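Spelled out from the first residue to the last, the chains are:
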Amino acid sequence: MEPESETDTVDSVRLRRILSSKLYFDVDAAKAPVIYSSLYDIAFFGVEKLDFAMLIQFYFKHPFDSSKWGRIYGFLTSELLDKKQIVESLEATREDLLVVHSESYLDSLKNSLNVAGIVEVGGTILAAKLAKERGWAINLGGGLHHCSAERGGGFCVYADISLCIHFAFNIMNISRVLIIDLDAHQGNVMLCFILCRKSLYILDMHNPNIYPFDFQARRYIDQQVQIRSGTTTSQYLEKLDDALRVADNALSPELIIYNAGTDILDGDPLGRLKITPAGIATRGEKVFVFARHRNVPLVMLTSGGYMKSNARIIADSFISLSNKSLIAMA
């Protein structure tokens, strides 16, 4: 009998960690596939979100909303959902995080059990299971697309999307995943774990003139759609339509992960685009229609966008999806 290779050993350890995780759990049918925890608003990158917000405002003149996630939850539970319908995510353990991250990276963090980050990770992982069961799921946090196994970046500490895909591959027997990354920033190194045995397609629409300027990571983007500073709503939506058509011909996915950053909003000093609130709602509708017409489960993550107006715009986009019967809360 031949000895196990190093790759086989790593894969077997990863599989053991995934199968022993508590992050996939059964959810009562009376609950909506909308995931949130009050812990999302507590800490951010190892510091209190309020302190971090003050730093962002000082250095970038950016009105950082440190309670964005809780405000989205507040709008939704007062206008669309009962609080009892919300699914509360669990904290990812160190063993869960080690499915993607290295021991050295977790040890290097001042607070490797950063509460907000690990609960958002748990929400993203659970969202894939709920999407497979219900057709769609929304994590009110997540979308941390600047984090790799060995380093964080761009407000992202843990690689929730990579972790979500690993769990989906190994537990739900999913083998083809389409990532539609519509945050204003290029998603870099979030798929540092490229799996040659699985099929993955990345559609990334981003402003190339802003962070992260990661040209090496761009090699792993299957369809890169560059949206220059000042792009308007009509221009943006036309490019999205074209991009979805290309993606449709490239892969027949079994799961779609929609990274729905709202830093594309007009006035966002980091995104530098000129998309209206109505344009953001229309963008979401296009992605949900794309998934529905193909009968593919869809996970939506809120990702970037931290102006004071973003929470209201995100909540309104969910309400619009409900009003157009693209999601059903009951």
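These figures come from a predicted structure and were not determined experimentally.

Draft legend 1. Structural detail: the overall build of the chain. Helix and strand counts for the chain stand at 10 helices and nine strands. Expressed as a percentage of its 330 residues, the buried residues of the chain come to 58%. Sequence-distant contacts, at least 24 apart, represent 76% of the contacts inside the chain between residues at least 6 apart.

Draft legend 2. Looking closely at the pattern of salt bridges. Enumeration according to the criterion identifies 15 salt bridges in this entry. The salt bridge partner of Glu79 is Arg312, with a shortest N-O separation of 2.8 Å. Here the residue Glu79 occupies a position in helix α3 (residues 68-79), and Arg312 occupies one in helix α10 (residues 310-323), the gap between them amounting to 233 residues. Residue Arg312 is classed as partly exposed on the basis of its relative accessible area of 25%. For the salt bridge of Asp248 with Arg294, the shortest nitrogen-to-oxygen distance reads 2.8 Å. Of the two residues, Asp248 sits in helix α8 (residues 233-250) while Arg294 sits in the loop between α9 (277-293) and β9 (298-301), which places them 46 residues apart along the sequence. Given the relative accessible area of 31%, Asp248 is considered partly exposed. Take Arg294: its relative accessible area is 33%, and that puts it in the partly exposed class. Among the charged side chains, a salt-bridge network with shared partners connects Arg16, Arg17 and Glu95.

What counts as what
- Residues numbered from 1 in each chain as written.
- Predicted model: local features only at pLDDT ≥ 70, side-chain atom pairs only at ≥ 80, totals over all residues.
- Heavy atoms only, no water.
- Helix = DSSP H or I, 4+ residues; strand = E, 2+ residues; numbered from the N terminus.
- Buried < 20%, exposed > 50% of the residue type's maximum accessible area, 1.4 Å probe, protein only.
- Contact = heavy atoms within 4.5 Å.
- Salt bridge = Lys/Arg side-chain N within 4 Å of Asp/Glu carboxyl O.

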